[in-house]
Structure formats: C-alpha cells, structure tokens
Amino acid sequence: MSHWYNRHGEAVFEVPKVKGGGFRKTTIADARKMGLYPSVTTVLGILDKPQLGDWKLEQMALAAFNSPANGSEPFEVYHQHLLTKAFEQVSDAADLGTAIHAALESHFKGQPIEAGMDTYVEPVARLIDREGIQFTEHELRLVNAQVGYAGTTDAVITRNGQTGILDFKSRKTKPGIACTPWETEPLQIAAYGVAKFGHVPEIGANVYISTTEKGRVEICWHSHEDLAEAWKTFQSCVQIWQYLKSYRPPQ
C-alpha cells in the first residue's frame, strides 16, 4: 500500500470519496492532482524482495495444505479463502508492530503506555540507556522536496557527540540467530537523515524488538560511510520510481 504526504509533511493516506461519503486509499492519480510526495517505503516498494516472495509462496502452500479444496466451492471463493488464511498473520503482526511503536514513543516522551506493553518497552529502554543514546525528536515527519519523497522517522538521536537517525523494527526472531538489517533498512535511515539534516547523517541505528522471544532486543549501527553508499542507492531508487510512475513531485 502506498503512503503519501503533502509539502507540509502531513500524511494524506486517505481522501474523501466522491460519492457515498467516507474515505478511500490515496492513489497516485490523487498524488498527481494534489502534488503529494511518496513515502520512503513506497519508493522502496519498487525493489524486488526475493526473501519476501519466497515467504509468501510458503504461506500460500501451507494454507492450501491445511485447508484443501472440497470441490464444492468455486475457485474464486477458495482462492480468496486461501489468501485470507495465508496472510492473516501479516495483519496481526502489523497491528502488534504499530502498538509497540506507539508504546515506545509514549515511553520516551514520558507518557503512560498501554497495559502489557512494558514487556517490549523495558528491554528497549535498558538498551538505549546502555548504548548512551539521547533522543532529541520523536515520530518526525520529513519532506525532501528537492529529491521528491517524504516519510516519518521514529527518532532523531545523538550519541558521543554525533547526530543521526534511529528506527525501531519489530521482528520475528529465532533463538541463536542474530538480527541483521534487511537490504532496504540502511536506505531508509539515509533517506530520513538527508531529509532531516540536508546531508547524510553521521550515524544511524536500527533497534530490533523480537515479537517471538519476549525481552529480546538488538541494535545494529550504521556508519556515515555505509549511509553515504545507501543514500546513493536510494537516490537511484527515487529516479527509477519516478520514471516507472511517470510522476515527479513538485520541487
């Protein structure tokens, strides 16, 4: 699903329906009319993700194995049933990830958190303290009109006199297997950093919060040099996205 922002950094994920009232998801046609900017994740959506593709195929195969067709229902009905069964956990995981992000934001702003979320928040708070990280801004919406994208970063940070970007990621982990960044994650950090500072940030970090091993958190740091390379790659992604979509947001 594509996410869009206006030039003030305000999210425009939905627009009013012309008929019947209510809202619908914002499309690229709406973006062209309104001069909206695609989110960082929307831009990166053009990249092939082989691991994700393999995982989706596995989920469909499991759903078909566990719910074989009975021969009495039309293929369209059975197909929709498989899709629902295969990916219902994705929706559940997304909801949990959103709740974890909200709880972390509340905690670091000194606000109360929802009951039960301390299981995820407290280990992160200890890690942040242990790493000597200071938060300066939270859930910051950013627009880079010159390049043509926008987005929301979890936190702007300082550490040992250096400034940078930190992003939280909920992750299904397996015991004994370390968390490593997915290919697009350094690109996200670099894109948010340039939109915030006007240049590649000095440091960046991803904090991984396990949803399968409660209490497990890990951090991965990105150096300025790594982020500089990531920024070059992200700019290429923006150019390809604009070419494929035949849309260049306003400068």
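Presented here is a report on the structure given in the accompanying data block. Owing to the predicted nature of the structure, the values given are computational and were not obtained by experimental measurement.

The strand order across the open sheet formed by five strands is S5-S6-S7-S8-S9, and the pairing between neighbours is mixed. With one partner strand each, in any of the chains shown, strand S5 (134–144) and strand S9 (217–223) form the two edges of the open sheet. Adjacent strand axes in the sheet meet at a mean angle of 30 degrees, parallel and antiparallel pairs treated alike. Judged from the eight bridges that link them, strand S7 (residues 162–171) and strand S8 (residues 203–210) form a sheet pairing that is parallel. Across the sheet, the residue bridging to Lys169 is Tyr208, located in S8.

For the rest of this paragraph, the subject is the pattern of salt bridges. Throughout the structure, instances matching the rule amount to ten salt bridges. For Arg24, the salt bridge identified is with Asp30, shortest N-O distance 2.7 Å. With a closest N to O distance of 3.3 Å, Lys169 and Asp167 form a salt bridge. Judged by its relative accessible area of 17%, Lys169 falls in the buried class. According to the relative accessible area criterion, Asp167 is buried, its value standing at 5%. Salt bridges sharing partners connect three or more residues here, namely Glu213, Arg216 and Glu218.

All right, on to the nonpolar core then. Ranked by size, the top nonpolar core spans 30 residues in total, and within it Val40, Val43, Tyr149, Trp231 and Phe234 carry the most contacts. Within the residue set of this core, elements represented by two or more residues are helix H2 (40–44), S5, strand S6 (149–159), helix H6 (185–197) and helix H7 (224–245). Apart from the residues lying within four places of it in its own chain, the contact partners of Trp231 are Asn144, Val147, Tyr149, Ala190, Ala191, Val194 and Val200. If you look at the next biggest cluster of nonpolar residues, it comprises 20 residues, including Val121, Ile133, Phe135 and Ala155.

Look at Asn160: it is not a glycine, yet its phi comes out positive at around 55 degrees. Among the structural elements, Asn160 can be located in the loop between S6 and S7. The phi dihedral of Ser246 is positive, around 55 degrees, even though this residue is not glycine. Relative to the elements of secondary structure, Ser246 occurs in the segment after H7. Taking relative accessible area as the criterion, Ser246 reaches 60% and is therefore assigned exposed.

What counts as what
Residues numbered from 1 in each chain as written. Predicted model: local features only at pLDDT ≥ 70, side-chain atom pairs only at ≥ 80, totals over all residues. Heavy atoms only, no water. Pairing = 2+ DSSP bridges. Helix = DSSP H or I, 4+ residues; strand = E, 2+ residues; numbered from the N terminus. Axes fitted to C-alpha atoms, helices over the stretch in contact; angles between N-to-C directions. Salt bridge = Lys/Arg side-chain N within 4 Å of Asp/Glu carboxyl O. Buried < 20%, exposed > 50% of the residue type's maximum accessible area, 1.4 Å probe, protein only. Core = buried A, V, L, I, M, F, W, Y, C linked by side-chain atoms within 4.5 Å. Contact = heavy atoms within 4.5 Å.

These figures capture arrangement, not role.
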